Amino acid sequence: MKNQIVLQGICYDDKSSFMKGPALAPPLIRKAYRSDSANYFSESGLELKPELFEDKGDYTIAEYFEIESLTLKCIEQKRPLISLGGDHSITYPILKAFYKIYGQIDVVHIDAHADLYHEFEGDRYSHACPFARIMEDKIASRLVQIGIRTLNTHQKNQAEKFGVEMLEMKNFEINRLPKYDHPIYLSLDMDCLDPAFAPGVSHHEPGGLTTRQLLHILQKINVPIIGADIVEYNPNRDLNGMTAMVAAKVVKEIAAQMLVNS
Ligand code: MN
Ligand code: MN
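Residue numbers here run from 1 along each chain, matching the order of that chain's written sequence. The naming scheme follows written order: chains are lettered A onward, ligands numbered 1 onward. This being a predicted model, a pLDDT of at least 70 is required before a residue's local features are given, and a value of 80 or more before pairs of side-chain atoms are given or counted; all residues contribute to the totals for chains, interfaces and linings. As a rule here, side-chain values cover all heavy atoms of the structure and leave hydrogens and water aside.

As for the UniProt feature "binding site: Mn(2+)" (unreviewed entry) in the protein chain
The condition that has to hold: UniProt positions are given in the numbering used here, feature names are shortened, and annotations may be inferred rather than shown by experiment. Counting from the N terminus, the helices are DSSP H or I runs at least four residues long and the strands are E runs at least two residues long. Classification of residues uses two cut-offs on accessible area relative to the type maximum, computed with a 1.4 Å probe and protein chains only: under 20% is buried, over 50% is exposed, and between them is partly exposed. Only heavy atoms enter the contact rule, under which two residues are in contact if any of them lie within 4.5 Å. Polar contact criterion, stated in full: a pair of N or O atoms within 3.5 Å, where within protein one must be able to donate a hydrogen and the other to accept it, and residues adjacent in sequence count only if both atoms are side-chain atoms.
In the numbering adopted here, UniProt assigns the feature "binding site: Mn(2+)" (unreviewed entry) to H88, D111, H113, D115, D189 and D191. Spanning 104 residues, the annotated positions come together in the fold, the maximum distance between their C-alpha atoms being 12.1 Å. Position of H88 among the secondary structure elements: in the loop between β3 (81-84) and α3 (91-102). Look at H88 and you get buried, because its relative accessible area is 0%. On the accessibility criterion, D115 (6% relative accessible area) is buried. If near-sequence neighbours (up to four positions away) are discounted, D115 is found in contact with H88, H109, H127, A128, C129, P130, F131, A132, Q155 and D189. Looking at D115, its side chain comes within polar contact range of the side chain of H88, at 3.0 Å.

See below:
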């Protein structure tokens, strides 16, 4: 069981548009993971002690595309990787690294926002843009977005241009989840959750998923998860560390799925 999953923390929020804070997240998610208030069992019954992970620690990032080279080192042996963000801009360089090892991959993106802007406030690499870059580079053979509830005309057009499969929150039904045919990369923005369940995010977007719905989505994944990121946790906005506990639980459930489906 040891060292089956690689873990890295990306302490980076230079590409956050509204407020900073996600760079502080990785050590706090680890701390929540180790909290004595909970045990290490996933709901499926696997014990996921911290020793299970090969933990690379937390990286401070000076230059955006460093994230790609750091990630590449983590995945050379094709073990699944969990990245703790950081803002959502980190997903583009992470997926560039995955593309070098795996070629095109199916990507599942859970978020309040489509993050498909061509550019945002003059920055093509803003946390509002990663999935536009990913689709332009043809890194994703398929992009499934779940939980979206902020679609404007520009992003709707972008989604159509790129052929994104979008399950918007307004149409969300727990028994009508996407079917997966290939291994996936999973990108999870904590603001997919309703702010009632996860207040520790920069962008409070009402009308989101419950924690239970998110866990259900994760537990229904029946294909290998080759990599995942948990992004946009903002400790500056959290209440009593409750969002850190949600992030830690999500890490545990994703890790369990990585082991079960591998
Ligand atoms: Mn996002
Ligand atoms: Mn978001």
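Still more ground to cover, so stick around.
With respect to the side chain of T243
Among the secondary structure elements, T243 is positioned in helix α7 (residues 242-261). Once you skip the residues sitting within four places of it in the chain, T243 turns out to touch M190, A198, P199, G200, Y233 and D238.

A word on the sheet that holds strand β6 (residues 165-168)
Test applied: Strands were regarded as paired on the criterion that DSSP finds at least two bridges between them. In this analysis an axis means a line fitted to C-alpha atoms, helices contributing only their contacting stretch, and an angle means the value between N-to-C directions, from 0 to 180 degrees.
Strand order in the open sheet made by the 8 strands is β2-β1-β3-β8-β7-β4-β5-β6, with parallel pairing throughout. Bordering the open sheet on either side are β2 (53-60) and β6, each of which pairs with just one other strand. The mean angle between the axes of side-by-side strands here comes to 15 degrees, regardless of whether they run parallel or antiparallel. As paired elements, strand β7 (residues 184-189) and strand β8 (residues 225-231) share 6 bridges and run parallel to each other. Bridging across to β8, S187 finds its partner in D229.

A short note on the coordination of the manganese ion (ligand 1)
Around a metal, the perfect tetrahedron of four donors has angles of 109.5 degrees, and the perfect octahedron of six donors has angles of 90 or 180 degrees. Rules: The rule for donors is simple: an N, O or S atom within 2.8 Å of the metal counts, and for Na, K and Ca the reach is 3.2 Å. Water is not among the atoms, so a site may look short of donors.
Distances from the manganese ion (ligand 1) to its protein donors, H88 (ND1), D111 (OD), D115 (OD) and D189 (OD), fall within 2.1 to 2.2 Å. All donors to the manganese ion (ligand 1) come from one chain, and their sequence spacing reads H-x22-D-x3-D-x73-D. In this structure the manganese ion (ligand 2) is found 3.3 Å away from the manganese ion (ligand 1), and D111 serves as a bridging donor for the pair. A residue pair is termed long-range when its members are at least 10 positions apart, and D115 in the loop between β4 (105-110) and α4 (130-136) and D189 in strand β7 qualify at 74 residues.

Some remarks on the packing of aromatic side chains
What counts here: Classification of ring pairs uses Phe, Tyr and Trp, with its six-membered ring standing for Trp, and accepts pairs whose centres are within 6.5 Å; under 30 degrees between planes counts as stacked, over 60 as edge-to-face, and the remaining range as tilted. Put simply, a charge is over a ring when the Lys NZ or the Arg CZ is close to the ring centre, within 6 Å, and near the line of the ring normal, within 35 degrees.
By the definition in use, this model includes 11 aromatic pairs. Aromatic pair Y33 and F53: ring centres 5.8 Å apart, planes at 85 degrees, arrangement edge-to-face. Of this pair, Y33 sits in helix α1 (residues 25-33) while F53 sits in strand β2, and the two are 20 residues apart along the sequence. Given a relative accessible area of 10%, Y33 falls into the buried group. On the accessibility criterion, F53 (7% relative accessible area) is buried. Measuring from ring centre to ring centre gives 4.8 Å for Y64 and F65, while their planes differ by 65 degrees; the resulting arrangement is edge-to-face. Y64 gets classed as buried once you look at its relative accessible area, which sits at 5%. Linked through ring pairs, Y12, Y64, F65, Y92 and Y125 together constitute an aromatic cluster. Positioned above the aromatic ring of Y64, the side-chain terminus of K15 is 5.3 Å from the ring centre. Just above the ring of Y125 sits the side chain of R124; from NZ or CZ to the centre is 5.9 Å.

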